[in-house]
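Here are the chains, one letter per residue:
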Amino acid sequence: DSGGTLCNAAKALMDVGAISVDAYVTHGVLSGSAVTRISNSPLDMLITTDSIIATEAVKISSNIRQISIAPIIGEAIRRVHMEQSVSSLFE
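Here's what I pulled together on the structure shown here. A quick note: this is a predicted structure, and the numbers were derived from the prediction, not measured.

Details of the side chain of Asn-63
By the secondary structure assignment, Asn-63 is in the loop between helix H3 (56-60) and strand S3 (64-67). Looking at Asn-63, the relative accessible area reads 6%, which means it is buried. Engagement of the side chain of Asn-63 in a polar contact is seen with the backbone oxygen of Ile-38, the distance being 3.1 Å. Within the local environment of Asn-63, its side chain forms a polar contact with the backbone oxygen of Leu-43, the two atoms lying 3.2 Å apart. Discounting chain neighbours no more than four positions away, the residues touching Asn-63 are Ile-38, Ser-39, Leu-43, Asp-44, Met-45 and Leu-46.

As structure tokens, this is what we get:
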């Protein structure tokens, strides 16, 4: 939500010798000053899904990228319709 734990974890990893740190989250709430905190952190990139509409700050951030979940949602709907496995999408 606020990015604090994520940024602290990135710093801790860099402090013990990580060359770079990327993070992946499902729902990028990023409330309050989270975008600023992430922008000023050692995170090279934060990847989040578009399950939450991006704020303007997220859209212009150089180290936050949003990816679409539309293809996987579409495939899940197709599989349900065809009575195929949805869980196998996540194996």
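Things to note about the sheet that holds S3
Strand order across the open sheet formed by 3 strands is S1-S2-S3, with parallel pairing between neighbours. Bordering the open sheet on either side are strand S1 (22-27) and S3, each of which pairs with just one other strand. When the angles between neighbouring strand axes are averaged without regard to direction, this sheet yields 20 degrees. Here strand S2 (residues 45-49) pairs with S3 via 4 bridges, running parallel. Looking at the pairing, Thr-48 lines up with Gln-66 of S3.

Digging into the pattern of salt bridges
Pairs can form between side chains of opposite charge once their charged atoms are near each other. Taken as a whole and judged by the stated rule, the model has 3 salt bridges. One salt bridge in this structure joins Lys-11 and Asp-15, with 2.7 Å as the shortest N-O distance. Note that Lys-11 and Asp-15 are positioned in helix H1 (residues 4-15) at a spacing of 4 residues, about one turn of the helix. Its relative accessible area of 45% is what places Lys-11 among the partly exposed residues. A relative accessible area of 55% places Asp-15 in the exposed class. Notably, a salt bridge pairs Glu-75 with Arg-78, separated by 2.8 Å at the nearest N-O pair. Of this pair, Glu-75 and Arg-78 both sit in helix H4 (residues 70-81), 3 residues apart, roughly one helical turn. Residue Glu-75 is classed as partly exposed on the basis of its relative accessible area, which comes to 23%. The network of salt bridges with common partners includes Glu-75, Arg-78 and Arg-79.

Rules used in this analysis
- Residues numbered from 1 in each chain as written.
- Predicted model: local features only at pLDDT ≥ 70, side-chain atom pairs only at ≥ 80, totals over all residues.
- Heavy atoms only, no water.
- Helix = DSSP H or I, 4+ residues; strand = E, 2+ residues; numbered from the N terminus.
- Buried < 20%, exposed > 50% of the residue type's maximum accessible area, 1.4 Å probe, protein only.
- Polar contact = N/O pair within 3.5 Å; in protein donor to acceptor, adjacent residues only side chain to side chain.
- Contact = heavy atoms within 4.5 Å.
- Pairing = 2+ DSSP bridges.
- Axes fitted to C-alpha atoms, helices over the stretch in contact; angles between N-to-C directions.
- Salt bridge = Lys/Arg side-chain N within 4 Å of Asp/Glu carboxyl O.

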